[in-house]
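So you can see what is in the structure, the chains are spelled out below.
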Amino acid sequence: MEKNNRDYSEKLETKRLILRKYNQDDFEMLYENYVSDEKVPMYCTWKPCKTFEEAYELLNSWYRGYEKHPEKSMWMIVEKSSNKGIGIIRVTNIWSEDNKCEIGYSMGSEWWGKGYMTEAVREVVRYLTEEIGFNIIVADGVSRTNIGSKKVLEKNDFIQSYTNPDGTLCYDYEQSR
Ligand SMILES: CC(C)(COP(=O)(O)OP(=O)(O)OC[C@H]1O[C@@H](n2cnc3c(N)ncnc32)[C@H](O)[C@@H]1OP(=O)(O)O)[C@@H](O)C(=O)NCCC(=O)NCCS
């Protein structure tokens, strides 16, 4: 299966969410609902954006990375009931030879605890395995104290597989398990 340079971010849909590609027109909404939220990047590598200019730079750098590597697909999570972009879920790494990829996700805190990320991860895992043909999906660098993220993964049949030297956890989903 050829996995490089292919864009996987087809529009996906769940009961309450739409997962779709984002573009520059969505940056303002993502700034308001997501990257300016101080609670979100507690377990991520980026810092909350204080101004729209900072947000533009961050979102655009992700967007440019995705344009260079369209196989590292990126979906904006849209809440159907409000039509608001509330977060992002993406493919962060691909190991073609192992038929394996890694996902990452985060969302504005106003929408936490509603089961949304469990729903989004379920659909993305279904799509990546059933439609694209990956066999293993990984979520790495999960903090031990990130109960929400651990539960999202466990509810989607990921199993904790490895502890990194920094103490963070790696979870695996195996389709053939
Ligand atoms: C982690 C995160 C993605 C969870 O998304 P979410 O949509 O709130 O998760 P869900 O509502 O699907 O919750 C799944 C379960 O976790 C629980 N949960 C969610 N957030 C929690 C929290 N902060 N503390 C304890 N439990 C939590 C929910 O109650 C639910 O449990 P239940 O099924 O037993 O009722 C979201 O909090 C987030 O974006 N956090 C910041 C970024 C981040 O940590 N990304 C992941 C990096 S590895």
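Here is a short report on the structure shown in this document. (Residues numbered from 1 in each chain as written. Predicted model: local features only at pLDDT ≥ 70, side-chain atom pairs only at ≥ 80, totals over all residues.)

Below, the discussion takes up the overall build of the protein. Within the protein, the regular secondary structure consists of four helices and eight strands. Reading the protein from its N end, one meets helices and strands in the order β-β-α-α-β-β-β-α-β-α-β-β. Compactness check: the protein gives a C-alpha radius of gyration of 15 Å against a globular reference of 16 Å for 177 residues, within 12% of the reference. For the protein, the spread of C-alpha atoms along the three principal axes comes to 45 × 35 × 35 Å. (Helix = DSSP H or I, 4+ residues; strand = E, 2+ residues; numbered from the N terminus. Rg over C-alpha atoms; globule rule 2.2 N^0.38 Å.)

Turning next to the site of the ligand. The environment of the ligand is formed by 21 residues, the closest being Ser-106, Met-117, Thr-118, Gly-148 and Lys-151. Only strand 5 (100-107), helix 3 (116-132) and helix 4 (147-155) provide two or more residues apiece to the shell around the ligand. When residues of the shell around the ligand are assigned to their parent elements, the largest contribution, six residues, is made by helix 4. Classifying every residue of the shell around the ligand gives 11 nonpolar, seven polar and three charged. (Near = placed C-beta within 6 Å. Nonpolar A, V, L, I, M, F, W, Y, C, P; charged D, E, K, R; others polar.)

Ordered in space as 1-2-3-4-5-6-8-7, the eight strands form an open sheet in which the pairing is mixed. A single partner strand is all that each edge strand has here, and the edge strands are strand 1 (12-13) and strand 7 (159-163). Relative to strand 6 (residues 136-142), strand 5 is paired through three bridges, and the arrangement is parallel. Residue pairing across strands places Glu-102 opposite Val-138, the latter belonging to strand 6. Where helix 3 meets the sheet, it contacts strand 1, strand 2 (17-20), strand 3 (74-79), strand 4 (84-95), strand 5, strand 6 and strand 8 (169-174), and its direction lies at approximately 160 degrees from that of strand 5. (Pairing = 2+ DSSP bridges. Contact = placed C-beta atoms within 7 Å. Axes fitted to C-alpha atoms, helices over the stretch in contact; angles between N-to-C directions.)

Another aspect to go through is the packing of helix 1 (residues 27-35) against helix 2 (residues 52-68). Two elements in contact, helix 1 and helix 2, have axes whose closest approach is 10 Å; the angle formed by their N-to-C orientations is 105 degrees. As judged from the angle between their axes, helix 1 and helix 2 are roughly perpendicular. Contacts from Phe-27, Glu-28, Leu-30, Tyr-31 and Val-35 of helix 1 reach helix 2 at Phe-52, Ala-55, Tyr-56, Leu-58 and Leu-59. Across the contact of helix 1 with helix 2, the residue classes tally to nine nonpolar, no polar and one charged. (Parallel < 35°, antiparallel > 145°, perpendicular 65-115°, else oblique.)

Counted at 1.5 Å a residue, the expected span for helix 3 with its 17 residues is 24 Å, and the 23 Å between its end C-alpha atoms agrees. Of all the positions in helix 3, only Met-117, Ala-120, Val-121, Val-124, Val-125 and Leu-128 are classed as buried. The arc that holds the buried residues of helix 3, viewed along the axis, is 125 degrees, so those residues lie on one side. Away from its buried face, by an angle of more than 90 degrees, helix 3 presents the exposed residues Glu-130 and Glu-131. Following helix 3 by one or two positions, Gly-133 adopts a phi angle in the positive range, close to 100 degrees. (Expected span 1.5 Å × (residues − 1). Buried ≥ 20, exposed ≤ 12 C-beta atoms within 10 Å, placed from the backbone. Arc of directions from axis to C-beta.)

A word on the environment of Thr-129. Counting through the fold element by element, Thr-129 comes out in helix 3. On the neighbour-count criterion, Thr-129 (19 C-beta atoms within 10 Å) is partly exposed. C-alpha of Thr-129 to C-alpha of Asn-60: the two residues are 69 residues apart in sequence and 28 Å apart in space. In this view, Thr-129 contacts Phe-134, Ile-137 and Gln-175; residues no more than four positions away in its chain are not counted.

Side chains of a nonpolar character, in soluble globular proteins, are inclined to be buried together. Residues Ile-77, Ile-89, Ile-103, Ala-120, Val-124 and Ile-137 are the most contacted members of the largest nonpolar core, which totals 41 residues. In this structure Ile-103 touches Ile-89, Arg-90, Val-91, Thr-92, Val-124, Ile-137 and Ala-139, once residues within four positions along its chain are discounted. (Core = buried A, V, L, I, M, F, W, Y, C linked by C-beta atoms within 7 Å.)

This part takes up the environment of Cys-49. Turning to its location among the elements, Cys-49 is positioned in the loop between helix 1 and helix 2. Spatially, the C-alpha atom of Cys-49 lies 26 Å from that of Asp-166, the residues being 117 residues apart in sequence. Apart from the residues within four sequence positions on either side, Cys-49 is in contact with Tyr-31, Val-35, Ser-36, Glu-54, Ala-55 and Leu-58.

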